[in-house]
Amino acid sequence: MKRIVIILAGVLFLAPLTLAGVAWATPPSGVTHSAELGRISLGPYHESSPSFKIFSSAPTDTVVMTTTIAPGGSTGWHSHPGPAFIVVTAGTLTVYDGNDPACTPHQYGQGSGFFDPGFGHVHIARNEGSTPVTVVQTYLDVPPGGSPRIDAPAPGNCPF
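The sections below set out a description of the structure shown in this document.

Each value, and the rule that gives it
- Residues numbered from 1 in each chain as written.
- Predicted model: local features only at pLDDT ≥ 70, side-chain atom pairs only at ≥ 80, totals over all residues.
- Heavy atoms only, no water.
- Salt bridge = Lys/Arg side-chain N within 4 Å of Asp/Glu carboxyl O.
- Buried < 20%, exposed > 50% of the residue type's maximum accessible area, 1.4 Å probe, protein only.
- Core = buried A, V, L, I, M, F, W, Y, C linked by side-chain atoms within 4.5 Å.
- Helix = DSSP H or I, 4+ residues; strand = E, 2+ residues; numbered from the N terminus.
- Polar contact = N/O pair within 3.5 Å; in protein donor to acceptor, adjacent residues only side chain to side chain.
- Contact = heavy atoms within 4.5 Å.
- Phe/Tyr/Trp six-rings, centres within 6.5 Å; stacked < 30°, edge-to-face > 60°.

1. Comments concerning the pattern of salt bridges
Side chains that differ in sign of charge can pair as their charged atoms come close.
Part 1 of the argument: Counted according to the given criterion, the structure contains 4 salt bridges.
Part 2 of the argument: R39 is paired through a salt bridge with E36; the nearest N and O atoms lie 3.2 Å apart.
Part 3 of the argument: R39 gets classed as partly exposed once you look at its relative accessible area, which sits at 30%.
Part 4 of the argument: With its nearest N and O atoms 2.9 Å apart, the salt bridge here joins R126 to E128.
Part 5 of the argument: A cluster of three or more residues bridged by salt bridges with shared partners is formed by E36, R39 and D61.

What follows is the structure in structure tokens.
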């Protein structure tokens, strides 16, 4: 009986901690459309040209998506398993880095874009304008069949 009480006490102690970890994640809001346009699965490879080199020692996917965010919406705080290229095709996207204590906004308008280094770089993208924002994203080094998004808790450097 004592063993059951100890196990039950352990479960009751650990369960809230597990649930709290889930509650800390910041899911997207106002994302009105998100669709995978394509996925390329590659085995271990090494390709190079005079100006470009790419290498992977394990199988990996490259994923291309499009996402539309309504005014006032956001991606929620997140990172990616590998690098990403993002191009804004409509509206203005405002990005905040999780490691920037000043919470500096970086704005990208239609026809512009940016490179996200991935590998744990936590950030949030917001639509602070009055029209929808649409972006096309290309994610590299995604686990085969996996998600290009890793939810993250708010780092606390921004007031939102």
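2. Structural notes on the nonpolar core
Part 1 of the argument: One finds V88, L93, V95, F114, V135 and Y139 to be the most contacted residues of the largest nonpolar core, which totals 15 residues.
Part 2 of the argument: Listing elements by their share of this core, those giving two or more residues are β4 (60-74), β6 (84-90), β7 (92-97) and β11 (133-142).
Part 3 of the argument: Element by element, the count of residues in this core is highest for β11, at 4 residues.
Part 4 of the argument: With 5 residues, the next largest nonpolar core counts W77, Y96, C103 and C158 among its residues.

3. Focus: the side chain of H121
Part 1 of the argument: Within the element layout of this structure, H121 appears in the loop between β9 (113-116) and β10 (123-126).
Part 2 of the argument: Among the polar contacts made by the side chain of H121, one reaches the side chain of D116 at a distance of 3.3 Å.
Part 3 of the argument: Not counting residues within four places of it along the chain, the set of residues in contact with H121 comprises H78, S79, D97 and D116.

4. Here we look at the packing of aromatic side chains
Part 1 of the argument: Summed over the entire model, instances satisfying the criterion amount to 4 aromatic pairs.
Part 2 of the argument: The interplanar angle of 55 degrees and the centroid separation of 5.2 Å between the aromatic rings of F85 and F115 together place this pair among those described as tilted. Highlighted residues: F85 in strand β6 and F115 in strand β9, separated in sequence by 30 residues.
Part 3 of the argument: Residue classification places F85 among the partly exposed positions, given a relative accessible area of 42%.
Part 4 of the argument: Overall, the relative accessible area of 46% leaves F115 in the partly exposed class.

Geometric values such as these leave the question of function open.
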